[in-house]
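If you want the building blocks of each chain, they are given just below.
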Amino acid sequence: TSLSSPIEDAKTNILGTLHLLEAVAPQKSWVIFASTGGAIYGEKRDTPFSEEDIPQPDSPYGIAKLSCEWYLHYFSKVRGVPFTILRLANVYGPRQNPFGEAGVVAIFSHRFLTGQQAYIYGDGEQTRDFIYIDDVVKAFLQVLRTPHTTQGRLFNIGTARYTSINQLYQMICMLTSTNTPPQYLPPKLGELKHNALNWKRFYEATGWQPQTPLEEGLRKTVAAFKKLYATS
């Protein structure tokens with residue numbers, strides 16, 4: 001939606017973050033910021049991306065997240081607000097909203113389990129770095145446990161593993177016993193072709209590493225959707 005409504009996106013992400021920072025500045029509360037690793041680096045040849053790669057966002061959403069990162073640096077330097085930035089890959093898992101524009105795992109799971117057609121934008125060969133929600137939660141908790149090595153720094157939170165949307169589609173088809181082929185639609189403007197995140201810096205700072213293989217995470221996610229629909 002940031003492509004069609006960049007002003008609304010800026011109100012939500014940039015102004016929303018500024019209101020939060022103004023609110024916590026008097027107490028100098030530690031802000032752990034959920035940034036984007038999927039939209040902030042832009043289209044580059046060499047992946048997985050490391051934190052040393054220069055951000056070149058191609059969408060207003062990525063631009064907004066990068067702006068917020070710089071506001072965090074400003075509030076830290078001028079107002080004394082400590083911060084940690086986590087650039088998240090494509091997070092998925094149980095209870096993810098299947099009705100938004102993002103969250104392809106939830107969207108596919110919902111559509112397959114409710115007998116609906118699923119869509120793939122472009123040729124489906126674009127790749128993403130899918131990371132299970134449990135691993136992301138553990139990353140945030142690990143930040144809290146290690147302020148001495150994480151405050152004032154930014155980190156990628158991903159798996160460094162590439163999975164194409166076509167591969168993902170087939171994996172969820174198997175888990176839902178679906179054999180309906182996807183309907184391919186024109187590619188979305190501003191969508192990256194390939195993305196994956198190097199997480200070694202965060203491992204060195206906290207000892208964290210991704211632990212949930214994609215196959216296991218998808219199985220847990222589909223099982224949660226099945227349970228939800230069985231009781232609704």
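Quick note: structure is the one above.
Residues numbered from 1 in each chain as written. Predicted model: local features only at pLDDT ≥ 70, side-chain atom pairs only at ≥ 80, totals over all residues. Heavy atoms only, no water.

**Digging into helix H1 (residues 6-24)**
Then, number 1: Taking 1.5 Å of rise per residue, 19 residues should cover 27 Å, and H1 covers 26 Å from first to last C-alpha, within 8% of that figure.
Then, number 2: By the largest-angle criterion, Leu15 marks the main kink of H1, which is about 25°.
Then, number 3: Within the span of H1, buried status applies to Asp9, Asn13, Ile14, Thr17, Leu18, Leu21 and Val24.
Then, number 4: Looking at the packing, one finds that the buried side of H1 touches strand S1 (31-36) and helix H2 (60-79). (Helix = DSSP H or I, 4+ residues; strand = E, 2+ residues; numbered from the N terminus. Expected span 1.5 Å × (residues − 1). Bend = angle between axes of the 7 residues up to and from the residue. Buried < 20%, exposed > 50% of the residue type's maximum accessible area, 1.4 Å probe, protein only. Contact = heavy atoms within 4.5 Å.)

**Notes on unusual backbone geometry**
Then, number 1: Although it is not a glycine, Arg95 adopts a positive phi angle of roughly 70°.
Then, number 2: Of note, Arg95 is situated in the loop between strand S3 (90-92) and helix H3 (104-113).

**Some thoughts on the sheet that holds strand S2 (residues 83-88)**
Then, number 1: Ordered in space as S1-S2-S7, the 3 strands form an open sheet in which the pairing is parallel. Looking at which strands have only one partner, the edges of the open sheet turn out to be S1 and strand S7 (153-157). The sheet shows a mean angle of 25° between the axes of neighbouring strands, direction not considered.
Then, number 2: Pairing of S1 with S2, which is carried by 6 bridges, proceeds in the parallel orientation. Residue pairing for S2: Ile32 is matched across the bridge by Thr84.
Then, number 3: Running over the sheet, H2 touches S1, S2 and S7 and is turned about 155° from S1. (Pairing = 2+ DSSP bridges. Axes fitted to C-alpha atoms, helices over the stretch in contact; angles between N-to-C directions.)

**Concerning a nonpolar patch on the surface**
Then, number 1: Side chains of Tyr71, Tyr74 and Val78 sit close together on the surface and give an oily, nonpolar patch of about 290 Å² of accessible area.
Then, number 2: Tracing the chain through its elements places Val78 in helix H2. (Patch = residues over 30% accessible without salt bridge, like charges linked within 9 Å, V, L, I, M, F, W, Y side chains within 5 Å. Areas by Shrake-Rupley, 256 points an atom, 1.4 Å probe, with all protein chains shown as cover. Salt bridge = Lys/Arg side-chain N within 4 Å of Asp/Glu carboxyl O.)

**Regarding the packing of aromatic side chains**
Then, number 1: Using the criterion set out here, one finds 12 aromatic pairs in the structure.
Then, number 2: Three or more aromatic residues joined by ring pairs form one cluster here, namely Phe155, Trp199, Phe202, Tyr203 and Trp208.
Then, number 3: Positioned over the ring face of Tyr121 is Lys188, at 4.6 Å from the centre of the ring.
Then, number 4: A cation over a ring is seen here: Lys200 above Trp199, with NZ or CZ 4.2 Å from the ring centre. (Phe/Tyr/Trp six-rings, centres within 6.5 Å; stacked < 30°, edge-to-face > 60°. Lys NZ or Arg CZ within 6 Å of the ring centre and 35° of its normal.)

**Overview of the packing of helix H6 (residues 165-176) against helix H8 (residues 214-231)**
Then, number 1: Running from amino to carboxyl end, H6 crosses H8 at an angle of 50°, the nearest separation of the two axes being 10 Å. Between H6 and H8, the angle is such that the two are oblique. Of the two possible hands of crossing, H6 and H8 adopt the one that is right-handed. Between H6 and H8, the contacting residues are Leu168, Met171, Ile172, Leu175 and Thr176 on the first element and Leu214, Glu215, Leu218, Arg219, Val222 and Lys226 on the second.
Then, number 2: Per-class residue counts for the contact of H6 with H8 are 7 nonpolar, 1 polar and 3 charged. (Parallel < 35°, antiparallel > 145°, perpendicular 65-115°, else oblique. Left-handed = near helix turned anticlockwise from the far one by under 90°. Nonpolar A, V, L, I, M, F, W, Y, C, P; charged D, E, K, R; others polar.)

**Regarding the nonpolar core**
Then, number 1: Counting residues in hydrophobic clusters, the biggest one holds 18 residues, and the most contacted among them are Leu86, Ile131, Ile157, Phe202 and Trp208.
Then, number 2: If you list the elements that add at least two residues to this core, you get S2, helix H4 (133-145), S7 and helix H7 (200-206).
Then, number 3: Ranked by the residues each element gives to this core, the list is headed by H4, at 3 residues.
Then, number 4: Setting aside its immediate chain neighbours within four residues, Trp208 contacts Ile131, Asp135, Lys138, Ala139, Gln142, Ile157, Gly158, Trp199, Phe202 and Tyr203.
Then, number 5: In this structure, Phe112, Tyr169, Met171 and Ile172 belong to the second largest nonpolar core, which totals 17 residues. (Core = buried A, V, L, I, M, F, W, Y, C linked by side-chain atoms within 4.5 Å.)

**Details of the pattern of salt bridges**
Then, number 1: Inspection of every chain in the model, using the stated rule, returns 8 salt bridges.
Then, number 2: Glu51 serves as the salt-bridge partner of Arg201, at 3.9 Å between the closest nitrogen and oxygen. Placement of Arg201 in helix H7 and of Glu51 in the loop between S1 and H2 is noted, with a sequence separation of 150 residues between them.
Then, number 3: Since its relative accessible area comes to 22%, Arg201 is described here as partly exposed.
Then, number 4: Of the charged contacts, one joins Asp123 and Lys193 as a salt bridge, the two residues approaching to 3.0 Å between their closest N and O atoms. Of this pair, Asp123 sits in the loop between strand S4 (119-121) and strand S5 (127-128) while Lys193 sits in the loop between strand S9 (183-185) and H7, and the two are 70 residues apart along the sequence.
Then, number 5: For Asp123, a relative accessible area of 42% corresponds to the partly exposed category.
Then, number 6: The partly exposed category is assigned to Lys193, whose relative accessible area is 31%.
Then, number 7: What you see here is one network of salt bridges that share partners, running through Glu51, Glu52 and Arg201.

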